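Residue-level listing of the chains:
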Amino acid sequence: MTRLFAWGSVILGCVFFALPLIGMTEFSLRMRRGEYSFDAYAVVLADPRFQQTFGYSVLMALATILVGALLVVPTAFWVRLKLPAARPWVEFVTLLPLVIPAIVVVFGYIRLYNTSSFLPLTGSATGTNILLMCGYVMLALPYMYRAVDTGLRSIDVATLTEAAQSLGAGWITILAKVILPNVLTGVLSGAFLTFAIVIGEFTMAALLNRPAFGPFMQVLGANRAYEPAALAVIAFAITWACMGLIQLVTRFTKHTRAQG
Amino acid sequence: MAFLEIEHLEKSFGTNRVVKDFNLSVAKGEFISLLGPSGCGKTTVLRMVAGFESPSTGAIRIDGKDVVKLRPNQRNIGMVFQAYALFPNLTVAQNVAFGLKVAGVGRAEREARVVEMLRLIGLPDKGPSYPFQLSGGQQQRVALARALAVRPQVLLLDEPLSALDAKIRVSLRAEIRQIQRELGITTIFVTHDQEEALSMSDRVVVMNGGVAEQVAEPFEIYNRPATRFVANFVGQLNRIEARVIAPTTGEIEIGGTRHMLGRSLPSGDVALALRPEALHMGADPARELNLTGQVTEVDFLGSVIRLRVDVAGNRLSADVFNRPDAPPPALNSTVTLSASASDLIILTA
């Protein structure tokens, strides 16, 4: 009975997740009347707006990953090493982006950093890009922090730090040569999750009026039939590629934790 | 002149004083052990010398230079940890070279030093291995090589053998001592294992409640413990309650029987202590103390037989060598044990 229930759950899950995907993919291939083709994909990929918005979002994702890693790795390291009592609070703060809607945050940004504010970031394209990247860093914080913190949990941070200090290393050397390489799997997992989030993000990019991939998908979806489905399949493939890369990185990590 | 000097060192965590007026002078090349039970403050002293904890008060001088204000990475101190603390992402050779690279030592010299260190610890072929590919004993040897590679002024060993199994522990402690002698490096070794401390050290500091109870050579610590704590903590001890009849001549009474020790004693009731190996089987008029009692336990340990004998309510342990021609006494039999007055320890403090 239990086995039957388990299999039933698996089948239900597959149907729930797989059926819409199969339906969408099948629909994206039916642009040419009477036969399956990749016409919708060709149209999407040939669209200069696709290249432009996708390129923009990739750049934003890379910047977000870099800034996110620079913010999160030292913070998580310091909290584990010196402020263990503050960990629940830091975890709470990093979870806030999950409970505060992006639209609330972006309106807050616009109000705080508009052209008549003390820091008029929205007054220029570069400033708005920086603002959008900061928003993405915040959106990705729950995933990045957890991924890095899990990596830190797998090593003896305090003893490794002290060992490096006794060998003459300063904080930057410790972070760059000891801590970061040992939490690289966590950082990369966080990076791929961040990439997937940034590529598909709509609200912030649309409201800050930046040429990102998310708003492009929305515009295309409002005006075309087959292309949005093709675009959704592409976005889905990117996300799954990111997940696959996380798995690969985890599997092919050369070293492992010191064992007693 | 002392190479490492610790003066009036104190450390408090909140209201808890974990190290109290700790003083120690270590000569260059000396091997000192800090021995004591968990929570006695020995690791805190070591961490203050390393710079991982700041003293509440007191001074730490290395080669005449006060290092209290220096950060750990500025002290040129090598440290080996209980948990090995090898960097898992680096190979053995990279681990050993880590400190040299940080110090800006050139590649050729670095490589030569790594080879020298790996040879010193007996693992010349393990350079390309990762720490997880080594056994615990090998990892700890690499940790030692890594600490020594930077040629530190002082080597600190924080219970480096505790995580290893008994057999490797014994062989590695001999190796550590040999390497220390070979390099002539001033070393402080923290342990709660008295056998390790006694077998490896030039001098032992026995600590209790944040205080150094006795600082002396292992022979002195074992045979002439300065305090009741040291006597009880180091080695096994028989405690005999006695009443002093004549303090000047050393006449005492144990369970109604009088003994003449021939040495002066404090008056009143005293606690006398005797090591198990100071008790000999059989009466011996040449020895001042002859105690008769009933055998309550016989443990055959191979080369040694441990007897427990009840002497007027005092339960004494006696270690006697196994002799094939003299089988151990039977349980409940009556035996006489003898001991010299010079072997008696008078417990005062």
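Residues numbered from 1 in each chain as written. Chains lettered and ligands numbered in written order. Predicted model: local features only at pLDDT ≥ 70, side-chain atom pairs only at ≥ 80, totals over all residues. Heavy atoms only, no water.

### Here we look at the overall build of chain B
Then, number 1: Across its full length, chain B carries eight helices and 20 strands.
Then, number 2: A principal-axis box enclosing the C-alpha atoms of chain B has dimensions of 75 × 50 × 35 Å.
Then, number 3: Going through the 349 residues of chain B one by one, you find that 51% of them count as buried.
Then, number 4: Across chain B, the fraction of contacts at a sequence separation of at least 24, relative to all contacts at a separation of at least 6, is 65%.
Then, number 5: When the accessible area of chain B is evaluated, it comes to approximately 15300 Å², of which 49% is carbon and sulfur surface. (Helix = DSSP H or I, 4+ residues; strand = E, 2+ residues; numbered from the N terminus. Buried < 20%, exposed > 50% of the residue type's maximum accessible area, 1.4 Å probe, protein only. Contact = heavy atoms within 4.5 Å. Areas by Shrake-Rupley, 256 points an atom, 1.4 Å probe, with all protein chains shown as cover.)

### Let's talk about unusual backbone geometry
All names here are of chain B.
Then, number 1: The phi dihedral of Asp21 falls on the positive side, at around 40 degrees, and the residue is not glycine.
Then, number 2: By the secondary structure assignment, Asp21 is in strand E2 (residues 16-26).
Then, number 3: Of note in this structure, Ala312 is not a glycine but carries a positive phi near 50 degrees.
Then, number 4: Tracing the sequence through the fold places Ala312 in the loop between strand E17 (304-311) and strand E18 (314-321).

### Notes on the UniProt feature "transmembrane region" (unreviewed entry) in chain A
Then, number 1: As recorded in UniProt, the feature "transmembrane region" (unreviewed entry) lies at residues 6-24, 54-77, 89-110, 117-143, 163-180, 187-208 and 228-249 of chain A.
Then, number 2: Span residues 163-180 of chain A is 78% helix and 0% strand, its end C-alpha atoms 15 Å apart. (UniProt positions renumbered as here; feature names shortened; annotations may be inferred.)

### Observations concerning the nonpolar core
Then, number 1: Grouped together as the largest cluster of nonpolar side chains are 92 residues, with contacts concentrated most on Ile179 of chain A together with Phe22, Leu34, Phe87 and Leu156 of chain B.
Then, number 2: Tallying contributions element by element places helix H4 (residues 136-149) of chain B first for this core, with seven residues.
Then, number 3: In this structure, Val105, Leu208, Phe213 and Phe216 of chain A belong to the second largest nonpolar core, which totals 41 residues. (Core = buried A, V, L, I, M, F, W, Y, C linked by side-chain atoms within 4.5 Å.)

### Here we look at the UniProt feature "domain: ABC transporter" (unreviewed entry) in chain B
Then, number 1: What UniProt calls "domain: ABC transporter" (unreviewed entry) maps, in this numbering, to residues 4-234 of chain B.
Then, number 2: Between the C-alpha atoms that bound residues 4-234 of chain B the distance is 25 Å, and the span itself is 37% helix and 26% strand.

### Points about the sheet that holds strand E3 (residues 31-35) of chain B
Residues and elements named next belong to chain B.
Then, number 1: Read from one edge to the other, the open sheet built from six strands follows the order E6-E7-E8-E3-E9-E10, with strand pairing classed as mixed. Each edge of the sheet is formed by a strand with only one pairing partner; in this case those strands are strand E6 (77-80) and strand E10 (211-216). Pairs of neighbouring strands in the sheet enclose a mean axial angle of 20 degrees, with direction left out of account.
Then, number 2: Pairing between strand E9 (residues 203-208) and E10: five bridges, direction antiparallel. When the sheet's bridge partners are listed, Asn208 is paired in E10 with Val211.
Then, number 3: The strands that helix H1 (residues 42-50) touches are E3, E6, strand E7 (154-158), strand E8 (186-191) and E9; relative to E7, the one it contacts most, it runs at about 145 degrees. (Pairing = 2+ DSSP bridges. Axes fitted to C-alpha atoms, helices over the stretch in contact; angles between N-to-C directions.)

### Side note on the UniProt feature "domain: ABC transmembrane type-1" (unreviewed entry) in chain A
Then, number 1: In the numbering used here, UniProt assigns the feature "domain: ABC transmembrane type-1" (unreviewed entry) to residues 54-247 of chain A.
Then, number 2: Structurally, residues 54-247 of chain A comprises 81% helix and 0% strand, and the distance from its first C-alpha atom to its last is 24 Å.

### A few points about the environment of Asn223 of chain A
All names here are of chain A.
Then, number 1: Structurally, Asn223 can be placed in helix H11 (residues 213-223).
Then, number 2: Once the C-alpha coordinates of Asn223 and Met133 are considered, the two residues, 90 residues apart in sequence, prove to be 28 Å apart.
Then, number 3: Within the structure, the side chain of Asn223 is placed 2.8 Å from the backbone oxygen of Val219, a separation counted as a polar contact. (Polar contact = N/O pair within 3.5 Å; in protein donor to acceptor, adjacent residues only side chain to side chain.)

### Some details on helix H8 (residues 171-182) of chain A
Side chains of residues three or four places apart in an α-helix project in the same direction, reflecting 3.6 residues per turn.
Then, number 1: Over its twelve residues, H8 of chain A extends 15 Å from the first C-alpha to the last, a length consistent with the 16 Å expected when each residue adds 1.5 Å.
Then, number 2: What H8 of chain A keeps buried is the set Ile174, Leu175, Val178, Ile179 and Asn182 of chain A. Angularly, the buried residues of H8 of chain A cover 130 degrees about the axis, an arc narrow enough to put them on a single face.
Then, number 3: Considering only its buried residues, H8 of chain A is in contact with helix H3 (48-81), helix H6 (125-153), helix H7 (157-166) and helix H9 (184-200) of chain A together with helix H2 (92-102) of chain B. (Expected span 1.5 Å × (residues − 1). Arc of directions from axis to C-beta.)

### Examining the sheet that holds strand E16 (residues 289-300) of chain B
Residue and element names in this part refer to chain B.
Then, number 1: Within the open sheet, the five strands sit side by side as E15-E19-E16-E17-E18. Their pairing is antiparallel. On the outer flanks of this sheet lie strand E15 (280-281) and E18, each paired with one strand and no other.
Then, number 2: Sheet topology places E17 next to E18; eight bridges connect them, and they run antiparallel. Its bridge partner being in E18, Val311 is matched across the sheet by Asn314.

### Considering the interface of chain A and chain B
Then, number 1: Contacts between the two partners involve 24 residues from chain A, matched on the other side by 23 residues from chain B.
Then, number 2: Roughly 2200 Å² of surface becomes buried between chain A and chain B when both sides are summed, with 66% attributable to carbon and sulfur atoms.
Then, number 3: Our count for the chain A to chain B interface comes out at four residue pairs in polar contact (both at pLDDT 80 or more).
Then, number 4: When residues of the side of chain A that touches chain B are traced back to their parent elements, those giving at least two are H7 and H8 of chain A.
Then, number 5: The element that contributes the greatest number of residues to the side of chain A that touches chain B is H7 of chain A, accounting for seven residues. (Buried area = accessible area lost by both parts, 1.4 Å probe.)

### Re the domain arrangement of chain B
Residue and element names in this part refer to chain B.
Then, number 1: The domain architecture assigned to chain B consists of domain 1 (4-233) and domain 2 (238-347).
Then, number 2: The centre of domain 1, based on its C-alpha atoms, is set 39 Å off from the matching centre of domain 2.
Then, number 3: Domain 1 puts six residues into the contact, and the matching count from domain 2 is six residues.
Then, number 4: With both sides pooled, the region where domain 1 packs onto domain 2 buries about 600 Å², and carbon together with sulfur makes up 45% of that total.
Then, number 5: Summed over the shared surface of domain 1 and domain 2, the number is zero salt bridges.
Then, number 6: On inspection of domain 1 and its partner domain 2, the count reaches two residue pairs in polar contact (both at pLDDT 80 or more).
Then, number 7: Elements with a minimum of two residues in the side of domain 1 that touches domain 2: helix H7 (218-223) and helix H8 (228-233).
Then, number 8: The greatest single-element share of the side of domain 1 that touches domain 2, amounting to three residues, is contributed by H7.
Then, number 9: Across the side of domain 1 that touches domain 2, the residue classes tally to four nonpolar, one polar and one charged. (Domains from an automatic or database assignment. Salt bridge = Lys/Arg side-chain N within 4 Å of Asp/Glu carboxyl O. Nonpolar A, V, L, I, M, F, W, Y, C, P; charged D, E, K, R; others polar.)

### A word on the packing of aromatic side chains
Here a ring pair, both rings aromatic, is described through the centre-centre distance and the interplanar angle of the planes.
Then, number 1: Enumeration over the complete set of coordinates arrives at 19 aromatic pairs over all chains.
Then, number 2: Judged by centre distance (6.4 Å) and plane angle (35 degrees), the rings of Phe213 of chain A and Phe216 of chain A are tilted. Placement of the pair is Phe213 of chain A and Phe216 of chain A together in helix H11, with a separation of three residues, close to one helical turn. With respect to class, Phe213 of chain A is no different from Phe216 of chain A; both count as buried.
Then, number 3: Both rings, one in Phe87 of chain B and one in Phe98 of chain B, keep their centres 4.7 Å apart while their planes meet at 55 degrees; by these two values the pair is tilted. Highlighted residues: Phe87 of chain B in the loop between E6 and H2 and Phe98 of chain B in helix H2, separated in sequence by eleven residues.
Then, number 4: Each residue in the set Phe50, Phe54, Phe213 and Phe216 of chain A is aromatic and connected to the rest through ring pairs, giving one cluster.
Then, number 5: Positioned over the ring face of Phe3 of chain B is Lys28 of chain B, at 4.2 Å from the centre of the ring. (Phe/Tyr/Trp six-rings, centres within 6.5 Å; stacked < 30°, edge-to-face > 60°. Lys NZ or Arg CZ within 6 Å of the ring centre and 35° of its normal.)

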